[in-house]
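Now for the letters of each chain:
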Amino acid sequence: MKSSIRQKLERLAFRLEEIDALLASEETARDRAAFRRLSRERAEIEPVVALYVAYRGTEAALQEAEAMRHDTEMEMRELVEEEIAAAQKRLPDLELEIQKRLLPHDPDDARDILLEIRAGTGGDESALFAADLFRMYNRYAERQRWQVEILSESRSELGGYKEIICRMAGMDVYSRLKFESGAHRVQRVPETETQGRVHTSACTVAVLPEAETIEEVVLNPAELRIDTFRAQGAGGQHINKTDSAVRVTHLPTGLVAECQDGRSQHQNKSSALRVLAARIRDAQVRRQRSEEAAARKTLVGSGDRSERIRTYNFPQGRVTDHRINLTLHRIADIMDGDLDEIVNALTAGYQIEQLAALSEAA
């Protein structure tokens, strides 16, 4: 283990002792906010310190066994050699687990998300594929027991989606889906194709961590233009006779959010502001990370909407993620929401790159 990593672990071990002393004090017990803050910090530190304690214990056991290697009789020596082999095997595993625990934590991982899917090249077939993608993510959300709320949708003539925006809420939603942003390409024979030819079309997916509150993103009313208009599509007499749809434009950035699926103008305005806040926050975070992205492009891609990340080839029954060169020949299961293998592979690929960066910096 590198000395710089060991020094960091020693500091964390000392900090854990310090936190335990603070939590045991009467002053902290009276301050609920401080108690919660320290408890959260302890929950983050304790697992890595426990691994470090195990690592030091294994190191000590190895040193003791090596010292006994030449001072024991033959029968005992075999047991000692077994202990040495076991310790030598365990140390790298512990070190890897420690390094994973030391990786930078994405503060957005626990956030809910806004999922935006838009049809791209391919006309009606692209809109139908957008509907297939939404069903795929919706089925995955059901498997994870997340809540899904459609905020805005624009249907195509054949029943697909020109655009659909939904909110997904639950445990670790962003951490599971944050690598889905980008261009998704489909290769298949469209229902409207009479010659049986395979067509290629694409959709873009955006996964935006939701602002915890609108106030988290400063929205100056003077910088917003709010337009109301008559909603389009299904909805009955109410939706067709009143200007209930709302479009909010953030003048400094030109970002726009539009919602018309709510039952009232107030509800649509609230949803539009929620979407706008997430888009502004996403733009701010991307700007903050631009220097890092320019210096070192991540293994799983930049998350740019124009970046092709995955191909769904129906004739061959395969799904290929181009960022990690992963190909799976079970497209039906994946389109039915069985995304865990892809999600886990993307997460592992990201961790590998982070570990390499941590090793270089240490």
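Residues numbered from 1 in each chain as written. Predicted model: local features only at pLDDT ≥ 70, side-chain atom pairs only at ≥ 80, totals over all residues. Heavy atoms only, no water.

Colleague: Explain a positive patch on the surface residue by residue, including any values.
Modeller: On the surface, Arg 32, Arg 36, Arg 37 and Arg 40 cluster together to form a positively charged patch. Given the relative accessible area of 53%, Arg 40 is considered exposed. (Patch = residues over 30% accessible without salt bridge, like charges linked within 9 Å, V, L, I, M, F, W, Y side chains within 5 Å. Areas by Shrake-Rupley, 256 points an atom, 1.4 Å probe, with all protein chains shown as cover. Salt bridge = Lys/Arg side-chain N within 4 Å of Asp/Glu carboxyl O. Lys, Arg positive; Asp, Glu negative; His and termini not counted. Charge placed at Lys NZ, Arg CZ, Asp CG, Glu CD. Buried < 20%, exposed > 50% of the residue type's maximum accessible area, 1.4 Å probe, protein only.)

Colleague: Could you give an account of helix α5 (residues 123-144), naming the residues involved and the relevant values?
Modeller: Compared with the 32 Å implied by 1.5 Å per residue over 22 residues, the 32 Å span of α5 between its first and last C-alpha is a close match. After α5 finishes, the residue Arg 145 shows a positive phi value of roughly 65 degrees. (Helix = DSSP H or I, 4+ residues; strand = E, 2+ residues; numbered from the N terminus. Expected span 1.5 Å × (residues − 1).)

Colleague: Residues and numbers for the packing of aromatic side chains, please.
Modeller: Two measures describe an aromatic ring pair: the distance that separates the ring centres and the angle between the ring planes. Per the stated rule, a full pass over the model turns up four aromatic pairs. With a centroid separation of 5.3 Å and an interplanar angle of 65 degrees, the aromatic rings of Phe 129 and Tyr 312 are classed as edge-to-face. In this pair, Phe 129 sits in helix α5 while Tyr 312 sits in strand β9 (residues 308-313), placing the two residues 183 residues apart along the sequence. With a relative accessible area of 0%, Phe 129 lands in the buried category. (Phe/Tyr/Trp six-rings, centres within 6.5 Å; stacked < 30°, edge-to-face > 60°.)

Colleague: Before we move on, could you go through helix α1 (residues 3-23) and cite the residues and values that matter?
Modeller: An α-helical segment advances 3.6 residues per turn. Residues three or four places apart therefore align on the same side. Its 21 residues give α1 an end-to-end C-alpha distance of 30 Å, which sits within 8% of 30 Å, the value for a rise of 1.5 Å per residue. Of all the positions in α1, only Ile 5, Leu 9, Leu 12, Ala 13, Leu 16, Ile 19 and Leu 23 are classed as buried. Down the axis of α1, the smallest arc covering the buried residues is 125 degrees, so these residues share one side. Exposed positions of α1 whose direction lies more than 90 degrees from the buried face are Ser 3, Arg 11, Phe 14 and Glu 17. (Arc of directions from axis to C-beta.)

Colleague: Before we move on, could you go through the pairing of strand β2 (residues 147-155) and cite the residues and values that matter?
Modeller: In the sheet, β2 pairs with strand β3 (residues 161-169) via eight bridges, with the strands oriented antiparallel. When the bridges of β3 are listed, Gln 147 appears paired with Ala 169. Between β2 and β3, which pair antiparallel and follow one another directly, the connecting turn spans five residues, one of which, Gly 159, has a positive phi of 95 degrees. (Pairing = 2+ DSSP bridges.)

Colleague: If you had to explain the pattern of salt bridges to someone new, which residues and values would you point to?
Modeller: Evaluated as defined, the whole model comprises 30 salt bridges. Across the salt bridge formed by Glu 210 and Arg 167, the nearest N and O atoms sit 2.8 Å from each other. Remark: Arg 167 occurs in strand β3 and Glu 210 occurs in the loop between β5 (199-209) and β6 (224-229); sequence separation between them is 43 residues. Through salt bridges with shared partners, one network takes in Asp 112, Glu 149, Arg 167, Glu 210 and Arg 274.

Colleague: I'd like to hear about unusual backbone geometry, residue by residue, with values.
Modeller: Within the chain, Asp 172 stands out as a residue other than glycine whose phi angle is a positive 55 degrees. Structurally, Asp 172 is set in the loop between β3 and α6 (173-177). Assessed through its relative accessible area of 32%, Asp 172 is described here as partly exposed. Although it is not a glycine, Asn 325 sits at a positive phi angle of roughly 55 degrees.

Colleague: Just give me the short version of the pairing of strand β8 (residues 255-259), but keep the residues and values in it.
Modeller: Bridge count between strand β7 (residues 245-250) and β8: five bridges; the pairing is antiparallel. Bridging across to β8, Thr 249 finds its partner in Val 256. With antiparallel pairing between neighbouring strands as the criterion, β7 and β8 make up a hairpin whose turn holds four residues, including Gly 254 at a positive phi of roughly 80 degrees.

Colleague: I'd like a rundown of the sheet that holds β8, residues and numbers included.
Modeller: Strand pairing in a sheet relies on backbone hydrogen bonds, with the paired strands running either antiparallel or parallel. Strand order in the open sheet formed by three strands is β6-β7-β8, and the pairing between neighbours is antiparallel. Each edge of the open sheet carries a strand with a single partner, namely β6 and β8. Neighbour-to-neighbour, the strand axes of the sheet open up by a mean angle of 15 degrees, direction not taken into account. Across six bridges, β6 lies against β7 in antiparallel orientation. Within β7, the position partnered with Ile 226 by the bridge is Val 248. (Axes fitted to C-alpha atoms, helices over the stretch in contact; angles between N-to-C directions.)

Colleague: Outline the sheet that holds strand β1 (residues 113-119), supporting the account with residue identities and numerical values.
Modeller: Strand order across the open sheet formed by eight strands is β2-β3-β1-β5-β4-β9-β10-β11, with mixed pairing between neighbours. Edge positions in the open sheet fall to β2 and β11 (326-328), since each of these has one partner strand only. The average undirected angle you get between the axes of adjacent strands in this sheet is 15 degrees. Looking at chain direction, β1 and β3 are connected through six bridges and run antiparallel. Note on β3: the bridge partner recorded for Glu 116 is Ile 165.

Colleague: An account of the side chain of Ser 126 is requested, with residue identities and associated values reported.
Modeller: With respect to the helices, strands and loops of the structure, Ser 126 is situated in helix α5. Owing to a relative accessible area of 0%, Ser 126 belongs among the buried residues under this scheme. Reaching out from Ser 126, the side chain makes a polar contact with the backbone nitrogen of Gly 120 at a distance of 2.7 Å. Setting aside anything within four residues of it in sequence, one finds Ser 126 in contact with Ala 119, Gly 120, Thr 121, Ser 201, Ala 202 and Cys 203. (Polar contact = N/O pair within 3.5 Å; in protein donor to acceptor, adjacent residues only side chain to side chain. Contact = heavy atoms within 4.5 Å.)

Colleague: How would you summarise the environment of Leu 328 if you had to cite specific residues and measurements?
Modeller: Summarising the element assignment, Leu 328 is placed in strand β11. Taking C-alpha positions, Leu 328 is 9.1 Å from Glu 341, a pair spaced 13 residues apart along the chain. Excluding anything up to four places from it in sequence, Leu 328 contacts Gly 317, Arg 318, Val 319, Ile 334, Glu 341 and Ile 342.

Colleague: Mind laying out the packing of α1 against helix α3 (residues 32-68), listing which residues take part and the relevant values?
Modeller: Packing of α1 against α3 brings their axes to within 8 Å, and their N-to-C directions diverge by 135 degrees. Taken together, the axis directions place α1 and α3 in an arrangement best described as oblique. Regarding α1 and α3, the two cross each other, and that crossing is left-handed. Partitioned by chemical class, the residues of the contact of α1 with α3 number 14 nonpolar, one polar and nine charged. (Parallel < 35°, antiparallel > 145°, perpendicular 65-115°, else oblique. Left-handed = near helix turned anticlockwise from the far one by under 90°. Nonpolar A, V, L, I, M, F, W, Y, C, P; charged D, E, K, R; others polar.)

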